[in-house]
Amino acid sequence: MHLAKRINAVAPSATLAISSLTKQMKAAGQDVIDLSIGQPDFTTPAFIDQAATAAINSGQASFYTPATGIPALKAAIADHIAQQTGTVYAPAQIAVTTGAKFALYGLFQVLLEPGDEVLVPTPGWVSYVEQIRLAGGRPRAVVAAAHFKVTVDELEQNRTARTRAVIINSPQNPSGAVYSRQELTLIGNWALKHHVLVVADDIYRDLLYNGATYTSMIEIDPAITANTVLISGVSKSYAMTGWRIGFAAGPEKLIAALGKLLGHATGNPTAASQYAAVAAFTSDGKAVEAMRAAFEDRLNTIFPLVQKLPGFDLPDKPQGAFYLFPKVKRAAALTHYTSVDEFVSALLQETGVALVPGRAFGMPDYARLSYATAKDSLLDAIGRIDKFVGNN
Ligand code: PMP
Ligand code: GLU
């Protein structure tokens, strides 16, 4: 079977691959604690489920919808963004997509000519690089020297005549780092000056801890907002990863192009999920707050314990998302593995604790731990890691 070069050049999603391996191990009766995939362990709040069931029972969910989403959902998204940031988007500036993942995928498809470059701050989420490649573009990793956040100088060093966009993900997957208003202002102005579009992936914006303040790229300056496409969705805030609803909001021309692509690619995001998302975005925020508070409690419990694990280096306490991203190269050496990849793999085989190797996020000496898991499982996992590293 001949397959296209573009798919042969792409690596499978490491996050999804490890999570599917852990599911297989669990099904085979193994005692696995899955700290790999980034998804809330909570089930979707009942009022959201009920909105979907009502749409199904009334027949509304039976039919195709507009490719970029039902008007009620676009209105709910626009109101929600306006409440959170003060920025007002018209319906024509919003496209609802099959997860934020497809908003990003589609965006690179409509934006990039072959060889166009996108600056990818590193560490960064596993799918950015491959989505850019699938669109014929060239991802250019910009490694953050400190605190997992890139500076304007680091971006400028990597800018070329082909640079079309930069991705800013805050709070960040995999480190939980949050960019300050000042850092974003510098990056936003730099991007504006050099005609580089900002892709602001704010999918974790509701998950902030211990009083951390948050600014989105779209609430700094109207000129920066006009040069930014906002990406977000319901997966993380509302425990709705399985429903697959995300969106892009930004310049009308770009959203119209994305709409054209969506019309041929997905048709529309699942109708029942769209009705569920309306209920999510128009809700009072109590459900989000309850889950956020639980993540905060877990972070505060496990952070000092993970810091103390032998061979784990984790200087900065994350301010958002639900991940820790320690450097574990010393832990790999202590256990006589030559690479973190081997260490992570042995940890899973021998203790049942699943992490994601940092290589998936562009930093091979690190590993990601998701704490979107019950506290007793987290404590159990930390105990197993401690024993595994300590005993070797
Ligand atoms: N952006 C980031 C940074 C992510 O971690 C994820 C993973 N869920 C996504 C986008 C995509 O989310 P979804 O497709 O579930 O909306
Ligand atoms: N984004 C989450 C993660 O990083 C979910 C899996 C994925 O889509 O990559 O684990």
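Residues numbered from 1 in each chain as written. Chains lettered and ligands numbered in written order. Predicted model: local features only at pLDDT ≥ 70, side-chain atom pairs only at ≥ 80, totals over all residues. Heavy atoms only, no water.

## Some details on unusual backbone geometry
Line of reasoning, step 1. Cis peptide bonds are those with omega within 30 degrees of zero, and the linkage from Thr-122 to Pro-123 qualifies with 10 degrees.
Line of reasoning, step 2. Looking at where Pro-123 falls in the secondary structure, it is placed in the loop between strand E3 (117-122) and helix H6 (126-134).
Line of reasoning, step 3. Positive phi outside glycine occurs at Phe-148, with the angle close to 65 degrees.
Line of reasoning, step 4. The topology assignment puts Phe-148 in the loop between strand E4 (138-143) and helix H7 (152-158). (Helix = DSSP H or I, 4+ residues; strand = E, 2+ residues; numbered from the N terminus.)

## Quick notes on helix H10 (residues 252-265)
Line of reasoning, step 1. Taking 1.5 Å of rise per residue, 14 residues should cover 20 Å, and H10 covers 19 Å from first to last C-alpha, within 8% of that figure.
Line of reasoning, step 2. Considering only its buried residues, H10 is in contact with strand E2 (94-97), helix H5 (99-111), strand E6 (197-201), strand E7 (228-233) and strand E8 (246-249).
Line of reasoning, step 3. Two residues or fewer after H10 comes Gly-267, characterised by a positive phi angle close to 70 degrees. (Expected span 1.5 Å × (residues − 1). Contact = heavy atoms within 4.5 Å.)

## Regarding the site of ligand 2
Line of reasoning, step 1. Residues in contact with ligand 2, as listed here, are Thr-15, Leu-16, Ile-37, Gly-38, Lys-101, Trp-125, Asn-173, Lys-236, Tyr-323 and Arg-368.
Line of reasoning, step 2. At a separation of 3.0 Å, an oxygen atom of ligand 2 approaches a polar side-chain atom of Trp-125.
Line of reasoning, step 3. A distance of 3.5 Å is found between a nitrogen atom of ligand 2 and a side-chain nitrogen or oxygen belonging to Lys-236.
Line of reasoning, step 4. About the coverage of ligand 2: the protein hides 89% of its 280 Å² of free accessible area.
Line of reasoning, step 5. When the residues that make up the shell around ligand 2 are grouped by side-chain class, the tally is 4 nonpolar, 3 polar and 3 charged. (Near = heavy atom within 4 Å. Polar contact = N/O pair within 3.5 Å; in protein donor to acceptor, adjacent residues only side chain to side chain. Areas by Shrake-Rupley, 256 points an atom, 1.4 Å probe, with all protein chains shown as cover. Nonpolar A, V, L, I, M, F, W, Y, C, P; charged D, E, K, R; others polar.)

## A short note on the site of ligand 1
Line of reasoning, step 1. Around ligand 1 sit 13 residues in total, of which Asp-201, Tyr-204, Ser-235, Lys-236 and Arg-244 are the nearest.
Line of reasoning, step 2. The side chain of Asn-173 places a nitrogen or oxygen atom 2.7 Å from an oxygen atom of ligand 1.
Line of reasoning, step 3. In the model, an oxygen atom of ligand 1 is placed 2.7 Å from a nitrogen or oxygen of the Ser-235 side chain.
Line of reasoning, step 4. Protein chains bury 94% of the 390 Å² of accessible surface belonging to ligand 1 in isolation.
Line of reasoning, step 5. Element by element, the count of residues in the shell around ligand 1 is highest for H5, at 3 residues.
Line of reasoning, step 6. In terms of residue class, the shell around ligand 1 is built from 5 nonpolar, 4 polar and 4 charged.

## Some points on the pairing of E4
Looking down a regular strand, the side chains alternate between one sheet face and the other.
Line of reasoning, step 1. In the sheet, E3 pairs with E4 via 6 bridges, with the strands oriented parallel. Counted as the bridge partner of Pro-121 is Val-142 from E4.
Line of reasoning, step 2. Handedness of the β-α-β unit built from E3, H6 and E4 comes out right-handed. (Pairing = 2+ DSSP bridges. Right-handed = clockwise from strand over helix to strand, strands pointing away.)

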